[in-house]
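Here's the letter readout for the chains.
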Amino acid sequence: MNNQNQHIKTVTGKSLKETAEKGGCGKCRASCQSACKTSCTVANQPCER
Amino acid sequence: MNDKGISPTRAIHKYELKGGYYVVDPCSGSVHVADKQAYDLLDKVTPARFEHYEGVKEAGSACLAEDKEHSSVCPESEQGGCYAELRELYKAGLLFAEDECEKYAETSIDAPLKALCLHVSHDCNLRCRYCFAKEVLCNEGIHSPQSEHDNYAKEVLCNEGIHSPQSEHDSFAEDNVSDHTAMSPETAIAAIDFLVAHSGERTELEADFFGGEPLMAWDTVTAAVAYARANEQSWGKRFRFTITTNGLLLDDEKIAYINAEMTNCVMSLDGRRSVNDIMRPTANGKGSFDVVVPKFRKLIKTRTKEGFTDHYIRGTFTAFNLDFAEDVIELARLGFRNISLEPVTCTNEADYAITNEHIPQIYEQYDKLFMFLTGCEHSQEVNGLDSKGINFFHFNVDLTGGACVIRRLRGCGAGNEYLAVAPNGDCYPCHRFVGNSAYNMGSVSKTLSLNIKEYFSKTHIYSKSDCSECWARFYCSGGCNASSYDCYGDCRRTDSQSVECLMMKKRLECAIALAAMRLNVANEVCDS
């Protein structure tokens, strides 16, 4: 994305649907979303492919 | 459609945080930083107007004709550049993107297993107060789950009808851990075999040693690790181990072992001494802070092996410490750099329960932490401490290379890719279901219940009641299934106004803003 904009700049133009094409491999780490372990958002998890 | 005629599934989320203006487009996954003019203009533009009007004058005139109340919509030519930038983003699929991910919702039904949580000990050598809430809940049959990792042995016991809950939930002098069950080394080894057997072609496997307090079953931990290490090459697998400990039993030998074998180590500590010791007393009612802090420091100091450096200090905040930002800062002051502080979850009857009335204070604390961490980005001295490199777990978000959308649809994978194993070898969807007979999925020595596995594989953001239109859905993945079950008796019921969801969304706002700063985009906009 061209970030020469004056009023709005794109931090990430990541297209989620494109990640589906080679996604779902399951190589990424398991994560727990329960506070009684250490909850996290899945968006916090790196892709390890 | 909302009041602007935008489908809720493609609505953007915009927010202001400490002078920055942030725009999240949920379905594309894009994030933008705006100036005030663009931020305000976003209230007045829609996909339909972007489609029909190339320029701001036409769009503004159309809006004026449609609705006189919106007469300020794009009225002046100086907004033309701003409108054009927004329209360009829209045309590029980075604003008001359609939700095209539902078709992937059921792609993981046959997913193989990749992780186990091994309850190697239901015994615990702390008497945390959080634990007694579970007794009350179990006793009343309302709900169960408590969110403190060391202590849901009580929940398990209640579920199994073994333990008789006490009504005096804050009488922590009493021994509240009467289940001293430990997993045998043989069962742990069977669990490793079970994981390998159900892992299909997946090569990266995980086992998490959990409790109670897993250091109380140390022989089981080491037996499982040794067995996996001895065989992983021939299996064509690679194991990653995690241990979660309250630290009381740590000694030099265990520290060395953990640092050599555990790719992650989670250490429980609530923050300031006074806060920690009220909630986390030892069996004789004394504080645990002074015992465990030196041990945790030693563990971290010697945790240098490549690939084995991950660790977190993990605490709980409650209604007793609604100034919990101070606890994060105190943990940083103690020298800890990777910090997680979780909200307690329990029924509202508990005197330390977090409820909706606490939300404003909690938001203030997250704002305070945001400013603290922002300062850490730019300075090594914040509040008189060396703050460089402080990593607050809940403000982490990978905006550029995070998990794929298939993973994001269902989050942790509990009950499908991830199971918990009780000391006797029985399997459950996750640690919070252990002991709940309705969710017993079989045993590591027998077969796996595919009905329950399929149910969880189909539990995703599109099957949850309040998630499919929420802006945060691709970040939180619908939250914790066990929390939904405990609150509503239904893993697929969610409430966007629940304390849990409100806190999650606030944390995400801070996380995204912090990530933008780290990428220097927020600063560029602020400076321009």
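Since the model is a prediction, treat every value here as computed from it, not as a measurement. Numbers given to residues run from 1 along each chain, matching the order in which its sequence is written. Each chain takes a letter, starting from A, and each ligand takes a number, starting from 1, following the order in which they are written. Only residues with pLDDT of at least 70 are given local features in this predicted model, and only at 80 or more are side-chain atom pairs given and counted; all residues enter the totals for whole chains, interfaces and linings. Computation of side-chain values: all heavy atoms of the structure, hydrogens and water removed.

## Focus: the side chain of B:E232
Along the chain, B:E232 turns up in helix α8 (residues 218-235). What makes two residues a contact is simply this: any of their non-hydrogen atoms within 4.5 Å. Leave out the neighbours within four places in its chain, and B:E232 touches B:K237, B:R238 and B:F239. Secondary structure elements are taken from DSSP: a helix is a run of H or I of four residues or more, a strand is a run of E of two residues or more, and numbering for both begins at the N terminus.

## A few points about the packing of aromatic side chains
Centre-to-centre distance and the angle between the planes together describe a pair of aromatic rings. Residue and element names in this part refer to chain B. Whether two aromatic rings pair depends on their centres lying within 6.5 Å, for rings of Phe, Tyr and Trp, where Trp uses its six-membered ring; planes under 30 degrees apart make the pair stacked, over 60 edge-to-face, and the rest tilted. Taken as a whole and judged by the stated rule, the model has 23 aromatic pairs over all chains. Judged by centre distance (5.3 Å) and plane angle (70 degrees), the ring pair of F324 and Y366 falls under edge-to-face. With F324 in the loop between β8 (310-317) and α12 (325-333) and Y366 in helix α13 (residues 359-378), the pair connects residues that are 42 residues apart, well separated along the chain. Taking relative accessible area as the criterion, F324 reaches 0% and is therefore assigned buried. Burial classes follow relative accessibility: with a 1.4 Å probe on protein chains only, a residue under 20% of its type's maximum area counts as buried, one over 50% as exposed, and anything between as partly exposed. Its relative accessible area of 0% is what places Y366 among the buried residues. With centroids separated by 5.9 Å and ring planes inclined at 55 degrees, the aromatic side chains of Y366 and F395 adopt a geometry described as tilted. On the criterion of sequence distance, the pair formed by Y366 in helix α13 and F395 in the loop between β12 (391-392) and α14 (405-408) is long-range, its members being 29 residues apart.

## Concerning the interface of chain B and chain A
The partner chain A presents 42 residues to the 77 residues of chain B that form the contact. Defined here as a combined quantity, buried area equals the accessible surface (1.4 Å probe) lost by two parts on assembly, summed across both. Counting the surface lost from both chain B and chain A, the interface buries some 5,200 Å², and carbon and sulfur atoms represent 56% of this. When residues of chain B are sorted by the area they lose upon contact with chain A, B:E85, B:R240 and B:R407 head the list and together hold 11% of the total. When a carboxyl oxygen of Asp or Glu lies within 4 Å of a side-chain nitrogen of Lys or Arg, that pair is called a salt bridge. Summed over the shared surface of chain B and chain A, the number is 2 salt bridges. Salt-bridge contacts for B:E100 lead to A:K17; the nearest nitrogen and oxygen are separated by 2.7 Å. Side-chain atoms alone can form a polar contact between residues adjacent in sequence; in general such a contact is a pair of N or O atoms within 3.5 Å, and within protein one must be able to donate a hydrogen while the other accepts it. At the boundary of chain B and chain A, one finds 20 residue pairs in polar contact (both at pLDDT 80 or more). Looking at the side of chain B that touches chain A element by element, the count peaks at 6 residues for helix α4 (residues 80-91) of chain B. Note on residue classes: Ala, Val, Leu, Ile, Met, Phe, Trp, Tyr, Cys and Pro are nonpolar, Asp, Glu, Lys and Arg are charged, and everything else, Gly too, is polar. Residues that form the side of chain B that touches chain A fall into these classes: 37 nonpolar, 20 polar and 20 charged. Here the rule is simple: two strands pair whenever DSSP picks up at least two bridges between them. Examined bridge by bridge, strand β1 (residues 8-12) of chain A and strand β3 (residues 30-34) of chain B share 4 bridges and lie antiparallel to one another. In the strand pairing of β3(B), A:T12 is matched with B:V31.

## Observations concerning the confidence of the model for chain B
All names here are of chain B. Confidence along chain B averages 85 in pLDDT terms, with 82% of residues attaining 70 or more. Every residue gets a pLDDT, meaning the predictor's confidence in that residue, from 0 to 100. Low confidence marks residues 68-75, where pLDDT is under 50. Its contacts with residues over four positions away, or in another chain, come to 11 contacts. Residue range residues 132-178 is modelled with pLDDT below 50. Its contacts to residues more than four positions away, or to other chains, number 139 contacts.

## Some thoughts on α4(B)
All names here are of chain B. A helix's residues, less one, multiplied by 1.5 Å, set its expected span. End to end, α4 covers 16 Å across 12 residues, agreeing with the expected 16 Å (1.5 Å per residue, within 8%). Along α4, the positions that sit buried rather than exposed are G80, C82, Y83, E85, L86, R87, L89 and Y90. Of the residues flanking the end of α4, it is G93, one or two places downstream, whose phi is positive at about 80 degrees.

## Digging into the sheet that holds strand β1 (residues 13-17) of chain B
The sheet built from 4 strands is open, its strands ordered β1(A)-β3(B)-β2(B)-β1(B) with antiparallel pairing. With one partner strand each, in any of the chains shown, β1 of chain A together with β1 of chain B form the two edges of the open sheet. Between one strand axis and the next, the sheet turns by 25 degrees as a mean value, whatever way the strands run. Axis definition: a line fitted to C-alpha atoms, limited for helices to the stretch in contact. Angles are taken between N-to-C directions and run from 0 to 180 degrees. With respect to the sheet, helix α18 (residues 499-518) of chain B is in contact with β1 of chain A together with β1, β2 (20-25) and β3 of chain B, its orientation differing from that of β1(B) by roughly 75 degrees.

## Digging into the nonpolar core
All names here are of chain B. In this description, a nonpolar core means a group of buried Ala, Val, Leu, Ile, Met, Phe, Trp, Tyr and Cys residues linked to one another through side-chain atoms lying within 4.5 Å. Counting residues in each nonpolar core, the largest one holds 123 residues, and the members touching the most others are F209, F336 and F395. If you tally residues by element for this core, the top one is α18, at 13 residues. Once residues lying within four places of it in the same chain are set aside, the contact partners of F395 are Y366, L369, F370, L373, R507, C510, A511, L514 and R518. Formed by 20 residues, the second largest nonpolar core is a distinct cluster that contains Y39, Y90, L94 and L95.

## Focus on the environment of B:K114
Secondary-structure assignment places B:K114 in the loop between α4 and β4 (115-119). Residues contacting B:K114, with those up to four places away along its chain left out, are A:G26, A:C28, A:R29, A:A30, B:L195, B:R202, B:E204, B:L205, B:E206, B:R407 and B:E417. Only 2.8 Å separates the side chain of B:K114 from the backbone oxygen of A:C28, close enough to count as a polar contact.

## A closer look at the pairing of strand β9 (residues 338-343) of chain B
Working note: regular strand, side chains alternate between the two faces of the sheet. Residues and elements named next belong to chain B. Summarising burial for β9: 6 of the 6 residues are buried, a large majority. Burial along β9 is two-sided: N338, S340 and E342 facing one way and I339, L341 and P343 facing the other are all buried. Here 5 bridges tie β8 to β9, and the two strands are oriented parallel to one another. Each bridged residue has a counterpart across the sheet, and for I313 the counterpart in β9 is I339. Handedness of a crossover: with both strands directed away from the viewer, a clockwise path from the first strand across the helix to the second marks it as right-handed. Crossover handedness for the path β8 to α12 to β9: right-handed.

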